[in-house]
Amino acid sequence: MNNFQYSRATDIADAIRLLAADRGAKLIAGGTNLIDLMKENVERPSRLIDISRLPLRDIEETSDGGLRIGALVPNSDLAYHPLVEQRYPLLAGAILAGASAQLRNMASVGGNLMQRTRCAYFYDTATPCNKREPGSGCSAIDGLNRNHAILGTSASCIATNPSDMSVALAALGALVHVAGPSGQRTIALADFHRLPEDKPHVDTNLGTGEIIAAVELPKHGFARNYSYLKIRDRLSYAFALVSVAAALELDGNAISEARLALGGVAHKPWRSLEAEAALRGRAATPDHFSRAADLLLHGATARAHNRFKIELAHRAIVRTLIQAASATPQSQAHKKIA
């Protein structure tokens, strides 16, 4: 039995105070990831701070036509919200491609952003893992690494970020609003998660005592030409080997705006501004999509068991862009299944 203290935050300021006062404390809302980690002795918080009753469940339009999503909005509520379905179907499709219906009912937006990697060695406390114990080593590098990263890796860690929602948010250019002891600030979703470098145990750029208050979507949701493709070992309840979020703005067959993000390949959602720029002003053709895939995958490094991911990702990028350009999104199939 792991001993821990339990506190229920009365408001955001109280949650910040409790979190800042105890470096070993963890926030809990739906608990779909944290409880699993506690059962496996991967996480052993000194205190659980229950934020499930804080007033962070609203989905509201912003003054500039975007959408502000409270950190405690359940994933299911977000995916099926009329404004999200109409304006940001890329996000809805990505959410419905993740986990199971039961987990989506419990998991919160903020919790989804904060979930830890699903690396088997991270969960196995009998093996060395720099994410659990900095400096102990990375068992995955010379171990079974079929599911591991090919981009943005380091000598300390080759784990991947497991979130589907984050991939779509990165492509859409979402912002994360956080609150902490020093006040409020905003972090671009693309900068929210960190690459492992020499500190793989630090997953995000949140500061001490900071919590996620909301996620903001910009006005432009690419509601027509988009697609989210998730390639996995089985159709449901499995993490991505490779996932692709693609969104295009077309003028006839010419691309005026492009967004691309990958999941399942790095420690964070992987986006390349260079790859997106290479598509602008070009015709929406497989050849141009293939060139963008080359740029997005530039620098990819394979390990013993995941070399297939490079070619798989390249093909997936091209296929997803073709789906987006033809307005036949893969994510519609996930929505029907859900």
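Residues numbered from 1 in each chain as written. Predicted model: local features only at pLDDT ≥ 70, side-chain atom pairs only at ≥ 80, totals over all residues. Heavy atoms only, no water.

With that settled, the discussion passes to the overall build of the protein. When helices and strands are counted, the protein shows 14 helices and 11 strands. Computed over C-alpha atoms, the radius of gyration of the protein comes to 19 Å, within 12% of the 20 Å expected from 2.2 N^0.38 for 338 residues, which places it in the range of a compact globule. Counting only residues that meet the buried cut, the protein has 54% of its 338 residues in that class. Of the charged side chains in the protein, 38 are positive and 32 negative; the average position of the first set lies 3 Å away from that of the second. (Helix = DSSP H or I, 4+ residues; strand = E, 2+ residues; numbered from the N terminus. Rg over C-alpha atoms; globule rule 2.2 N^0.38 Å. Buried < 20%, exposed > 50% of the residue type's maximum accessible area, 1.4 Å probe, protein only. Lys, Arg positive; Asp, Glu negative; His and termini not counted. Charge placed at Lys NZ, Arg CZ, Asp CG, Glu CD.)

Time to look at the confidence of the model for the protein. When pLDDT is averaged along the protein, the result is 96, and 98% of the positions lie at 70 or above. Of the regions scoring below 50 in pLDDT, residues 333-338 engages in 11 contacts with residues more than four places distant in sequence or in other chains. (pLDDT = per-residue confidence, 0-100. Contact = heavy atoms within 4.5 Å.)

With respect to topology, three strands assemble into an open sheet ordered β1-β3-β2, the strand pairing being parallel. Of all strands in the sheet, those bounded by a partner on one side alone are β1 (5-8) and β2 (25-28). Strand after strand, the sheet turns through a mean of 25° between neighbouring axes, direction not considered. Pairing geometry for β2 and strand β3 (residues 47-50), over four bridges, is parallel. For L27, the partnering residue across the bridge sits in β3 and is I49. The strands touched by helix α1 (residues 12-21) within the sheet are β1, β2 and β3, with β3 carrying the most contacts at an inclination of about 170°. (Pairing = 2+ DSSP bridges. Axes fitted to C-alpha atoms, helices over the stretch in contact; angles between N-to-C directions.)

Topologically, N75 is positioned in helix α3 (residues 75-79). On the accessibility criterion, N75 (4% relative accessible area) is buried. In contact with N75, not counting residues within four places along its chain, are I95, R104, A107, S108, V109, N112 and M165.

Applying the stated criterion across every chain, the model contains 16 salt bridges. Put simply, D14 and R17 hold a salt bridge, and the shortest N to O gap is 2.6 Å. On the criterion of helical spacing, the pair formed by D14 and R17 is a turn pair, its members being three residues apart in helix α1. By relative accessible area, which is 12% here, D14 ends up buried. The partner of R116 in a salt bridge is D203, and the shortest N-O contact between them spans 2.3 Å. You can see R116 sitting in the loop between α7 (109-114) and α8 (120-123) and its partner D203 sitting in the loop between α10 (189-192) and β8 (211-217), a full 87 residues away along the chain. (Salt bridge = Lys/Arg side-chain N within 4 Å of Asp/Glu carboxyl O.)

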